[in-house]
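Tertiary structure, described
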Amino acid sequence: MLAFLLVVPVSNATNHDCENIDAEGNVVHDSTCEFIRSSTTKVNAAFQSVFGWIGAGTCDPPGGWLDFAKSEWLAPIGLVLFILVMIYTLVYLFGIFLQSPNIIAIAKEEFFQIGITFLRVTFIIVVMSAATQWYSMNIPAGTTDVVYMQAPTYIDASIVFSELLVKDMTTNFFLLISYNMVIHTLFSATMWFGVTWRAMFSFNLGPVLKPLIDILGFSMQFLSVGIGEWVVHITTMCMIKKWTFSIFIPIGMLMRSIPPIRGAGDAFIALVFSFSLFYPFMFIVNYEIYKLMGCNVYGGLSSFGNGISDYCGAVDPNSPIVNFVRDYGGLGIFGIFWVLLLFMGGVFIPFFLTGALSVAFELIKASVFFIVIMSLILPLINIFITLTSARETARFFNVDINFFAFVRLI
């Protein structure tokens with residue numbers, strides 16, 4: 001487990017990086033570098049095994065997302081409309097049979113409401129189709145953007161961004177765990193200073209490192225909460241993509257067909273519409289904000305593989321974290337021996353003071369960005385805008401409802 005945690009932050013090495021030229025001009029392969037590369041590949045495979053359930057085979061609805069060439073995604077909506085028309089046709093015929101004006105009037109009113117429901121569902125489909133086409137037209141063909149090149153629709157872009165952000169946050173979290181282990185080893189170790197046992201004194205750095213340990217502990221706790229929050233975002237958008245047209249909108253249509261809860265049905269349809277349109281687009285806005293801010297804050301970690309930060313283009317090659325991994329990354333393979341080395345104060349103290357202390361502040365800076373900006377401020381703005389749009393959509397549907405109780409609950 002120790003070796004695994006220390007291998008995680010090691011950078012992905014390419015074949016070119018693992019090749020050296022000796023004095024005679026021959027190409028020599030670095031076996032340590034090759035081992036690092038294979039280990040990092042296994043770590044990425046482990047990550048995919050955890051988050052790999054989010055993909056085309058899981059989140060895609062039957063017939064695809066708004067794919068008019070296929071009718072599977074429209075089948076549940078058409079089935080609900082057919083059932084409602086048949087039910088109220090029978091009610092109308094029953095009123096004719098009994099010669100009851102009240103029953104006939106109820107059936108006519110419900111036919112009118114079915115027409116209103118059909119128009120509202122049509123409006124939702126048209127608006128979402130237009131948004132999908134707008135997204136497609138604004139993404140150039142052959143783009144190399146890490147998110148847009150994997151996302152044919154706007155909701156796919158929000159899912160890909162969230163997944164890659166979780167990967168970046170997980171990388172930072174494992175780095176914090178590794179560094180926290182180093183600090184706690186030094187915290188509990190006894191150092192000696194002197195020439196011989198007759199002329200030396202012992203001391204402990206625990207009180208000095210206590211503030212740094214507290215900061216690392218808080219960063220890891222809140223960063224783990226942020227990772228869990230973004231996993232919830234991914235799950236929510238996966239549910240929206242898979243079940244909007246097959247479950248959620250048909251449920252809203254059925255609720256509108258029952259007079260006592262017709263207003264609740266309108267509110268539910270408005271909420272589903274806002275979470276299917278505005279909520280994913282807000283994550284695309286978050287992605288653009290991340291590219292503007294996160295690459296400068298988090299660019300030093302971009303060598304650690306397959307996250308959004310790999311494509312920032314603002315990486316500082318002299319970043320303390322990059323230098324730390326470049327100079328000491330090979331030691332991560334022999335993690336247990338590295339920890340034993342930490343007990344040798346005379347060897348570790350120069351290494352700690354020259355490189356590792358600056359690494360801690362780089363990691364904490366990245367953690368603050370992930371916690372405060374990406375996991376607190378931007379998600380609250382996303383929810384606020386989504387619920388505001390849902391309230392205005394409900395007003396357009398002639399229903400006045402306040403969704404902001406959800407904000408207080410969150």
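This report concerns the structure included in the present document. (Residues numbered from 1 in each chain as written. Predicted model: local features only at pLDDT ≥ 70, side-chain atom pairs only at ≥ 80, totals over all residues. Heavy atoms only, no water.)

Digging into the environment of Thr-393
Within the secondary structure, Thr-393 sits in helix H11 (residues 345–396). For Thr-393, a relative accessible area of 9% translates into the label buried. In this structure the C-alpha to C-alpha distance between Thr-393 and Leu-271, which are 122 residues apart in sequence, comes to 8.2 Å. Discounting chain neighbours no more than four positions away, the residues touching Thr-393 are Ala-270, Phe-273 and Ser-274. A distance of 2.7 Å separates a polar side-chain atom of Thr-393 from the backbone oxygen of Ser-389. (Helix = DSSP H or I, 4+ residues; strand = E, 2+ residues; numbered from the N terminus. Buried < 20%, exposed > 50% of the residue type's maximum accessible area, 1.4 Å probe, protein only. Contact = heavy atoms within 4.5 Å. Polar contact = N/O pair within 3.5 Å; in protein donor to acceptor, adjacent residues only side chain to side chain.)

Examining the side chain of Thr-117
With respect to the element layout, Thr-117 can be found in helix H5 (residues 101–138). Since its relative accessible area comes to 3%, Thr-117 is described here as buried.

Section: the state of the cysteines
A disulfide bridge is the covalent bond that connects two cysteines by way of their sulfur atoms. Tallied over the entire structure, the rule returns 1 disulfide. A sulfur-sulfur distance of 2.0 Å marks the disulfide that ties Cys-59 to Cys-238. For the disulfide bridge between Cys-59 and Cys-238, the dihedral angle about the S-S bond is near -110°, and by the sign convention the bridge is left-handed. With Cys-59 in helix H3 (residues 56–59) and Cys-238 in helix H7 (residues 206–256), this residue pair connects regions lying 179 residues apart in the sequence. Of the two residues examined, Cys-59 and Cys-238, each falls in the buried class. (Disulfide = S-S within 2.5 Å.)

A short note on the environment of Tyr-154
The topology assignment puts Tyr-154 in helix H6 (residues 154–188). Take Tyr-154: its relative accessible area is 0%, and that puts it in the buried class. Between the alpha carbons of Tyr-154 and Pro-280 there is a distance of 6.7 Å; along the sequence they are 126 residues apart. Residues contacting Tyr-154, with those up to four places away along its chain left out, are Trp-65, Met-128, Ala-131, Thr-132, Tyr-135, Ser-276, Leu-277, Pro-280, Phe-281 and Ile-284. One polar contact links the side chain of Tyr-154 to the main-chain carbonyl oxygen of Ser-276, over a distance of 2.9 Å.

Overview of the nonpolar core
Ranked by internal contacts, the top residues of the largest apolar core, which has 76 residues, are Val-147, Tyr-154, Phe-161, Phe-245, Phe-370 and Met-374. Sorting the residues of this core by element identifies helix H4 (75–98), H5, H6, H7, helix H8 (262–298) and H11 as the ones contributing at least two each. Considering each element in turn, this core owes the most residues, 15 residues, to H6. (Core = buried A, V, L, I, M, F, W, Y, C linked by side-chain atoms within 4.5 Å.)

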